[in-house]
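Spelled out from the first residue to the last, the chains are:
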Amino acid sequence: MSFVRTYTKPKVFGFVTLGALVAGAVLGFIAKDSGAKWLSEALGTISTVFTNLLQFTVIPLVFTAIIVGVNSLRSLGGPRTATRLGGKTLLWFAITSLIAVLLGIVIGLIVQPGSGVQVAPTQANIAKIEDRAAGNWWTFIQGLVPDNFLEAFTKGKVLQVVFLALIVAAATYALGDRAKPFVTFNQAVFDVIQKVLGWIILLAPIGVLGLIGKAFATYGNQFITPLFSLVWTVYLGAALIMFVVYPLLLRFVGKIDPRQFFAKSWNALQFAFVSRSSGATLPLSRQSAVDLGVDPGYAGFAVPLGTTTKMDGCAALYPALASIFIANMAGIELSVAQYIGIVAVAVFGSLATAGTTGWFTMLTLTLSAINLPPEVTATGLAIVIAIDPILDMARTATNVAGQITVPVLVARQENLLDSERKEPVAV
């Protein structure tokens, strides 16, 4: 029992996870260079099992969290209060997305990632792109409503699950006490999934070893070296958002010490980085917001909503940098109108990023909006997908940092923030 307590301490767990990250990269390189097929397969199996464990929790977690979260607003006032809180939350989602995409464009204009890069996609990555549905506005709108209720759950369509959850949540809120048994049931399911996810989180070091190992065993230096300009600019942008933009907003709008923010959210940020899943990080994100003093009722609404719609890494920063990278590789100079298109998609299209494949939807929407030639778009997507696992770590950590930051900002403005709270509150 003492081992479990020691292992789960944030500093110890963080050190073990970092060690697993390095070990995974080393094992991946060894597997690639030596041609050890058994090692590549072992790393791939670990990666797949860990990812599947996370994935099966996301759908019920998101659905029940939204049901419980919307009804938790009842304790804060009537429908008018709930509407105001929802409106302010979405407004801050848009503001921070705007900042993130503008930062991405500035970094892209200064660094010019992709200039002079010459690399051809592999047939395997071309096949991956062909298997994915490209993002476009009509498909997005049509895809909101499932053919039937169960299909959204059985096929793992997160955006449809969110849409259904919001409708059901609104109905239960309107019914009041008559829907209380249903809300209580969803609270119980949410608690059970949180407990299961807590056990899965303990496996994060093993999972990240497999995830990173698989990426390096598959590609080695073949793509990482020529695409390094995209990798480091994405990490630079993510670092600036997480450690400059958000801290400034927290200091001057949320009026809390950024050091306090990172101390209480580091577990969530760390798990988001290694798991690459905002949905799987939801319980940790929600608890972090409450630990920072956000009213549990509001946190129960804002964080689940942010988990599926607030993605500054996947929906704003990355599409901006990746679009510039792909255009530069093709020798295309983007116009002012095209840059405005990138900004518009980032601010108004964040709802399309629900789920673990959100970056692909947003990037294809962005490339479509700026009207790059189809062959350039297809080639660029097939190239950047090769290093997606490495990029996705930074993107997801940035997403989760924003999903915790915005509730703090809104809670401060609405007098729902108890930043002097000493005793932890379980949610």
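Residues numbered from 1 in each chain as written. Predicted model: local features only at pLDDT ≥ 70, side-chain atom pairs only at ≥ 80, totals over all residues. Heavy atoms only, no water.

Caption draft 1: Main features of the overall build of the protein chain. Helix and strand counts for the protein chain stand at 20 helices and 0 strands. The buried share of the protein chain, taken over its 427 residues, is 55%. Put simply, 85% of the contacts in the protein chain that link residues at least 6 apart link residues at least 24 apart. In the form shown here, the protein chain has an accessible surface area of approximately 18,300 Å², with 67% of it arising from carbon and sulfur atoms. (Helix = DSSP H or I, 4+ residues; strand = E, 2+ residues; numbered from the N terminus. Buried < 20%, exposed > 50% of the residue type's maximum accessible area, 1.4 Å probe, protein only. Contact = heavy atoms within 4.5 Å. Areas by Shrake-Rupley, 256 points an atom, 1.4 Å probe, with all protein chains shown as cover.)

Caption draft 2: Structural detail: the UniProt feature "transmembrane region" (unreviewed entry) in the protein chain. Per the UniProt record, "transmembrane region" (unreviewed entry) is found at residues 12-31, 43-70, 90-111, 158-176, 196-217, 223-249 and 338-360. Taken end to end, residues 43-70 has its terminal C-alpha atoms 40 Å apart, with 100% of it in helix and 0% in strand. Helix makes up 91% of residues 196-217 and strand 0%. Its end C-alpha atoms lie 30 Å apart. (UniProt positions renumbered as here; feature names shortened; annotations may be inferred.)

Caption draft 3: Spatial organisation of the confidence of the model for the protein chain. Model confidence for the protein chain is summarised by a mean pLDDT of 84, while 86% of its residues fall at 70 or above. Per-element confidence in the protein chain is highest for helix α12 (residues 228-252), whose mean pLDDT is 95, and lowest for helix α11 (residues 221-224), whose mean pLDDT is 59. Here residues 352-357 is a poorly scored stretch, pLDDT under 50, and it has 18 contacts once near neighbours within four places are set aside; other chains count. (pLDDT = per-residue confidence, 0-100.)

Caption draft 4: Representation of the pattern of salt bridges within the structure. Considering all chains together, one arrives at 9 salt bridges under this definition. One salt bridge connects Asp257 with Arg259, and the closest N-O pair in it is separated by 2.9 Å. The network of salt bridges with shared partners includes Arg276, Asp388, Asp392 and Arg395. (Salt bridge = Lys/Arg side-chain N within 4 Å of Asp/Glu carboxyl O.)

Caption draft 5: Geometry of the nonpolar core. If you look at the biggest cluster of nonpolar residues, it comprises 123 residues, and the most contacted ones within it are Leu230, Phe271, Val294, Tyr298, Leu334 and Ile342. With 6 residues, the next largest nonpolar core counts Met311, Cys314, Ala315 and Val345 among its residues. (Core = buried A, V, L, I, M, F, W, Y, C linked by side-chain atoms within 4.5 Å.)

Caption draft 6: Expanded view of the side chain of Ser72. Considering the arrangement of structural elements, one finds Ser72 in helix α3 (residues 37-72). The class of Ser72 is buried, set by a relative accessible area of 17%. For Ser72, the side chain forms a polar contact with the main-chain oxygen of Gly297, separated by 2.6 Å. Beyond its immediate stretch of four places on either side in the chain, Ser72 contacts Gly297, Gly300 and Phe301. (Polar contact = N/O pair within 3.5 Å; in protein donor to acceptor, adjacent residues only side chain to side chain.)

Caption draft 7: Main features of a nonpolar patch on the surface. The grouping of Phe243, Val244, Leu248, Phe252 and Trp266 at the surface amounts to a nonpolar patch, some 520 Å² of accessible area in total. Ranked by residues supplied to the nonpolar patch, first place goes to α12 with 4 residues. Turning to its location among the elements, Trp266 is positioned in helix α13 (residues 258-275). (Patch = residues over 30% accessible without salt bridge, like charges linked within 9 Å, V, L, I, M, F, W, Y side chains within 5 Å.)

Caption draft 8: Spatial organisation of the packing of helix α15 (residues 296-309) against helix α20 (residues 388-413). The N-to-C vectors of α15 and α20 enclose an angle of 140°; their axes lie 9 Å apart at closest approach. Between α15 and α20, the angle falls in the class oblique. When the axes of α15 and α20 are compared, the crossing they make is right-handed. Residues Tyr298, Ala302, Val303, Gly306 and Thr307 of α15 lie in contact with α20, whose contacting residues are Gln403, Val406, Pro407, Val410 and Ala411. Grouping the amino acids of the contact of α15 with α20 by side-chain chemistry returns 7 nonpolar, 3 polar and no charged. (Axes fitted to C-alpha atoms, helices over the stretch in contact; angles between N-to-C directions. Parallel < 35°, antiparallel > 145°, perpendicular 65-115°, else oblique. Left-handed = near helix turned anticlockwise from the far one by under 90°. Nonpolar A, V, L, I, M, F, W, Y, C, P; charged D, E, K, R; others polar.)

Caption draft 9: Just the environment of Asp312, in detail. By the element assignment, Asp312 lies in helix α16 (residues 312-329). Non-local contacts of Asp312, meaning those with residues more than four positions away in its chain, are made with Thr96, Ser97, Ala100, Tyr246, Leu317, Thr398 and Asn399. In this structure the side chain of Asp312 is engaged in a polar contact, spanning 3.1 Å, whose partner is the side chain of Ser97.

Caption draft 10: Just the packing of helix α4 (residues 79-111) against α16, in detail. Two elements in contact, α4 and α16, have axes whose closest approach is 8 Å; the angle formed by their N-to-C orientations is 25°. The angle between α4 and α16 falls in the class roughly parallel. Every pair of crossing elements has a handedness; the one defined by α4 and α16 is right-handed. In contact with Thr96, Ser97, Ala100, Val101, Gly104, Ile105, Ile107, Gly108 and Leu109 of α4, α16 contributes Asp312, Ala316, Leu317, Ala320, Leu321 and Ile324. Its residues assigned to classes, the contact of α4 with α16 comprises 10 nonpolar, 4 polar and 1 charged.

Caption draft 11: Expanded view of unusual backbone geometry. Residue Asn371 is not a glycine yet carries a positive backbone phi of 60°. Inspection of the secondary structure assignment puts Asn371 in the loop between α18 (358-369) and α19 (374-384). We note that Asn415 has phi near 60°; this positive angle belongs to a residue other than glycine. Within the secondary structure layout, Asn415 lies in the segment after α20. Using a relative accessible area of 72% as the deciding quantity, one classes Asn415 as exposed.

Caption draft 12: Here's a closer look at the packing of aromatic side chains. The final tally for this structure, using the stated rule, is 5 aromatic pairs. Judged by centre distance (4.8 Å) and plane angle (50°), the rings of Phe29 and Phe216 are tilted. A residue pair is termed long-range when its members are at least 10 positions apart, and Phe29 in helix α2 (residues 10-34) and Phe216 in helix α10 (residues 204-219) qualify at 187 residues. An aromatic cluster of at least three residues, connected via ring pairs, comprises Phe243, Phe261 and Phe262. If you follow Arg74 out to its NZ or CZ, it ends over the ring of Tyr173, 4.4 Å from the centre. Over the ring of Tyr318 we find Arg395, and its NZ or CZ is 4.5 Å from the ring centre. (Phe/Tyr/Trp six-rings, centres within 6.5 Å; stacked < 30°, edge-to-face > 60°. Lys NZ or Arg CZ within 6 Å of the ring centre and 35° of its normal.)

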